[in-house]
Amino acid sequence: LMLRRCLASDQCFGMCVPQQEGGFTPYGTLLKIVSCNFTPDGRSECECVGIQCFRIVQTSQRDGYAIAQVEWILDVPDTPEPEE
């Protein structure tokens, strides 16, 4: 259901690392589905690319899936070190 909803809209979803004690880390990555193949046995094989990092502000449930309101983390490019 989640995958089909993503493919029908902007093809993006967020992913966080699960924690051993339950739940997940408060930071994650927005992923964009590049390609997706549904197998005859109901599984899916998806290729995704990371788009942007986020911090979870608030969580809830929708149709059995965890959903969240997030705050985007701006990626600051590394400053090159001066050559000697």
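First things first, this report covers the structure right here in the doc. What you are looking at is a predicted structure, and each value in this text was computed from that prediction instead of being measured.

Criteria and cut-off values
Residues numbered from 1 in each chain as written. Predicted model: local features only at pLDDT ≥ 70, side-chain atom pairs only at ≥ 80, totals over all residues. Heavy atoms only, no water. Helix = DSSP H or I, 4+ residues; strand = E, 2+ residues; numbered from the N terminus. Contact = heavy atoms within 4.5 Å. Areas by Shrake-Rupley, 256 points an atom, 1.4 Å probe, with all protein chains shown as cover. Lys, Arg positive; Asp, Glu negative; His and termini not counted. Charge placed at Lys NZ, Arg CZ, Asp CG, Glu CD. Core = buried A, V, L, I, M, F, W, Y, C linked by side-chain atoms within 4.5 Å. Buried < 20%, exposed > 50% of the residue type's maximum accessible area, 1.4 Å probe, protein only. Pairing = 2+ DSSP bridges. Axes fitted to C-alpha atoms, helices over the stretch in contact; angles between N-to-C directions. Phe/Tyr/Trp six-rings, centres within 6.5 Å; stacked < 30°, edge-to-face > 60°. Lys NZ or Arg CZ within 6 Å of the ring centre and 35° of its normal.

## Some details on the overall build of the protein chain
Here comes step 1: From N to C terminus, the protein chain includes 1 helix and 4 strands.
Here comes step 2: Helices and strands in the protein chain line up, N terminus first, as α-β-β-β-β.
Here comes step 3: Each principal axis of the C-alpha distribution contributes one length, and for the protein chain these read about 60 × 30 × 25 Å.
Here comes step 4: Pairs at least 24 residues apart make up 31% of the contacts formed inside the protein chain by residues separated by at least 6 positions.
Here comes step 5: With an accessible surface of roughly 7,000 Å², the protein chain has 52% of that area assigned to carbon and sulfur atoms.
Here comes step 6: Of note, the protein chain has its 6 positive side-chain charges centred 18 Å away from the centre of its 12 negative side-chain charges.

## A word on the nonpolar core
Here comes step 1: Counting 5 residues, the largest nonpolar core is built from Leu 3, Cys 6, Phe 13, Leu 31 and Ile 33.
Here comes step 2: Put simply, the parts of the chain that give this core at least two residues each are α1 (2–8) and β2 (24–38).
Here comes step 3: Contacts of Leu 31, omitting those with residues within four sequence positions, involve Gln 11, Cys 12, Phe 13, Met 15, Cys 48, Val 49, Gly 50 and Ile 51.

## A look at the sheet that holds strand β3 (residues 44–62)
Here comes step 1: As summarised here, the arrangement of the 4 strands in space is β1-β2-β3-β4, forming an open sheet in which the pairing is antiparallel. Taken across any chain shown, the strands that pair with only one partner, and hence form the sheet edges, are β1 (12–18) and β4 (65–73). On average, adjacent strands in this sheet sit at an angle of 55° to one another, irrespective of strand direction.
Here comes step 2: Two strands pair when backbone bridges link them, and β3 and β4 are joined in this way by 9 bridges, in the antiparallel orientation. Bridge pairing in β4 places Gln 58 opposite Gln 69.

## Quick notes on the packing of aromatic side chains
Here comes step 1: As enumerated under the stated definition, the model contains 1 aromatic pair in all.
Here comes step 2: Plain terms: the ring middles of Phe 54 and Trp 72 are 6.3 Å apart, the flat faces sit at 85° to each other, and that makes the pair edge-to-face. With Phe 54 in strand β3 and Trp 72 in strand β4, this residue pair connects regions lying 18 residues apart in the sequence.
Here comes step 3: Phe 54 sits in the buried class, given a relative accessible area of 5%.
Here comes step 4: Trp 72 gets classed as partly exposed once you look at its relative accessible area, which sits at 43%.
Here comes step 5: It is Arg 4 that lies over the ring of Phe 38; its NZ or CZ is 4.6 Å from the centre.

## Comments concerning the pairing of β1
Here comes step 1: Here 6 bridges tie β1 to β2, and the two strands are oriented antiparallel to one another. Pairing of Phe 13 across the sheet is with Leu 31, part of β2.
Here comes step 2: Between β1 and β2, which follow one another and run antiparallel, lie 5 residues, and Gly 22 among them has a positive phi close to 105°.

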